[in-house]
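Residue-level structure breakdown
What follows is the residue order along each chain.
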Amino acid sequence: MSETFDLGTIPPLGALPKMMKAIVIRPEREGEPIDAMQVEEIPVPECGPTDVLVLNMAAGINFNGVWAARGKPVSVMKMHPEEQFHIAGSDASGIVWKVGSAVKTWKVGDEVVLHCNQSCRECPACNGNDPMACQNQRIWGYETNYGSFAQFSLVQSQQLLKRPKHLSWEEAASYGLTYFTAYRMLLGRGSMQPGDNVLIWGASGGLGVFAVQLAKLAGANPIAIVSREDKAELVRSLGAEMVIDRKEFDFDKGPSESRRFGKRIRELTGGQDADIVFEHVGKYTFPTSVLVAKRFGTIMICGATTGYDLDFDVRYLWMRQKSIIGSHFANAFQAEKANALMHEQKIHPVLDQVFNFEETAHAHQLMAENKHKGKMAIRVQAPAA
């Protein structure tokens, strides 16, 4: 048996090499992705009783890979100190290659996509409340090791979902983390209703493209915030009729620009403020989000790509009785429900670029510098199209 498989090939089903190619981050080179992420060969991980080893056909890129590379706001090595290296990647499509002795639902050869929530599966939260409330809840490929930027991923069996056969491997790998996050934010924690005006920051990005589609599917009205005309064209193609170019506003000027932004929203909606604000930008946009949400409106937040130390005028929160709700990924049930919409072709991935395995660091650098739109994917074992 060869030490590693060749990239871009599908080896004999179930055959296991000793080593695998992986994009590895190490403590001594944490920094920008272009430097931190390097190709190495490491041993294929062992598969525990409830684990599954997946041959990765393709992997999706998310901003948590940038955080992992930078070691900020926290070094991922601190989350699994027993291993002084990290393989990032929280999205993948692939083939079940080995199953643990206790796995009954899946078999070698199944074609799957992965969701990235890991939990203990034994505590009360996992069995009756919500696995996202599990004290041991972790995001695979960020808070745990052996993510998708390698020839094999090590995952819990409950992370597997059926691959939509109408999608390419690369398309199937591109959507899980952002789509399932948006699903929980809007249809779970946010309780989005038909007719709601939903303000979506970064509407052409990985989260935003799914928020737009989910809002349209639910009968709500997406207000898509973008930064370039080609991004405006993209969100319009997804059904957004109300589009705002954020570069027309200098939010560094403070409340006056936020009020002018709110006025622009009311011009588009016929005098209404946003029922829900879909937030993931953080420091740069959050003061405006609190201001422009309607009375009794909701600001849903799942991340903070421009900074997590938020400063806003809290008077607009309590005096107008608005709510701030945090949301984090999705549980397996929500991921399954969302994936069903993908199978039914009611929601579609928005894959902008596909890169070869050796270009993983470059692709993450593009994301770090906001030089992308939609989703990006890495071709691993999938043959080049």
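Our subject is the structure that appears above.
This text gives an overview of the structure that appears in the document.

What counts, and where the lines are drawn
Residues numbered from 1 in each chain as written. Predicted model: local features only at pLDDT ≥ 70, side-chain atom pairs only at ≥ 80, totals over all residues. Heavy atoms only, no water. Helix = DSSP H or I, 4+ residues; strand = E, 2+ residues; numbered from the N terminus. Buried < 20%, exposed > 50% of the residue type's maximum accessible area, 1.4 Å probe, protein only. Contact = heavy atoms within 4.5 Å. Pairing = 2+ DSSP bridges. Axes fitted to C-alpha atoms, helices over the stretch in contact; angles between N-to-C directions. Phe/Tyr/Trp six-rings, centres within 6.5 Å; stacked < 30°, edge-to-face > 60°. Lys NZ or Arg CZ within 6 Å of the ring centre and 35° of its normal. Expected span 1.5 Å × (residues − 1). Arc of directions from axis to C-beta. Polar contact = N/O pair within 3.5 Å; in protein donor to acceptor, adjacent residues only side chain to side chain. Salt bridge = Lys/Arg side-chain N within 4 Å of Asp/Glu carboxyl O.

**Observations regarding the environment of V76**
Mapped onto the fold, V76 is located in the loop between α2 (63–70) and β4 (86–87). Among the residues examined, V76 registers a relative accessible area of 0% and is labelled buried. In this structure V76 touches A68, H86 and Y142, once residues within four positions along its chain are discounted.

**Side note on the sheet that holds strand β16 (residues 323–326)**
Taken together, the six strands give an open sheet; going across it, the order is β13-β12-β11-β14-β15-β16, and neighbouring strands pair in parallel fashion. Pairing within the sheet leaves two strands with one partner each, and these edge strands are β13 (242–245) and β16. In this sheet, neighbouring strand axes are inclined to one another by 20° on average, regardless of whether the strands run parallel or antiparallel. When strand β15 (residues 293–301) meets β16, the two strands line up parallel, connected through four bridges.

**Quick look at the packing of aromatic side chains**
Within a pair of aromatic rings, the relevant descriptors are the distance that separates the centres and the angle that separates the planes. Applying the stated criterion to the full structure yields 16 aromatic pairs. Centroid distance F85 to Y146: 5.9 Å. Interplanar angle 80°. Geometry classified as edge-to-face. Of this pair, F85 sits in the loop between α2 and β4 while Y146 sits in the loop between β8 (138–139) and β9 (152–156), placing them 61 residues apart in sequence. For F85, a relative accessible area of 14% translates into the label buried. In this structure Y146 comes out as buried when scored by relative accessible area, which is 15%. Put simply, the rings of Y175, Y179, F180, F210 and F329 pair up and form one aromatic cluster. Over the face of the ring belonging to W169 we find R163, whose NZ or CZ atom lies 3.8 Å from the ring centre.

**Observations concerning helix α11 (residues 332–343)**
Between its terminal C-alpha atoms α11 stretches 16 Å, which fits the 16 Å expected from twelve residues at 1.5 Å a residue. For α11, the full list of buried residues reads Q334, A335, A338, N339, L341 and M342. Each buried residue of α11 sits inside an arc of 150° when the element is viewed along its axis, so together they form one side. Where the residues of α11 are buried, they touch β6 (111–114), β10 (160–162), α5 (176–189) and α6 (208–217). A side-chain oxygen of the first residue of α11 lies 3.2 Å from the backbone nitrogen of F333; this N-cap is N331. Positive backbone phi, at 60°, marks Q345, one or two positions downstream of α11.

**Digging into the pattern of salt bridges**
Considering all chains together, one arrives at 19 salt bridges under this definition. Residue K375 pairs with D91 through a salt bridge whose shortest N-O separation is 3.7 Å. Note that K375 is positioned in strand β18 (residues 375–379) and D91 in strand β5 (residues 91–99), a separation of 284 residues in sequence. The residues K375 and D91 share a single accessibility class, namely buried.

**Re the environment of N331**
Within the secondary structure layout, N331 lies in the loop between β16 and α11. Remark: the alpha-carbon pair of N331 and N117, spanning 214 residues in sequence, is separated by 6.7 Å. The residues contacting N331, other than those within four sequence positions of it, are D130, P131, M132 and R184. Reaching out from N331, the side chain makes a polar contact with the backbone nitrogen of Q334 at a distance of 2.8 Å.

**Observations regarding the sheet that holds β4**
Taken together, the three strands give an open sheet; going across it, the order is β2-β1-β4, and neighbouring strands pair in antiparallel fashion. A single partner strand is all that each edge strand has here, and the edge strands are β2 (38–43) and β4. In this structure, strand β1 (residues 19–25) lies alongside β2, joined through six bridges in antiparallel fashion. If you follow I23 over to β2, its bridge partner there is V39.

Keep in mind that these numbers describe shape and distance, not what the molecule does.
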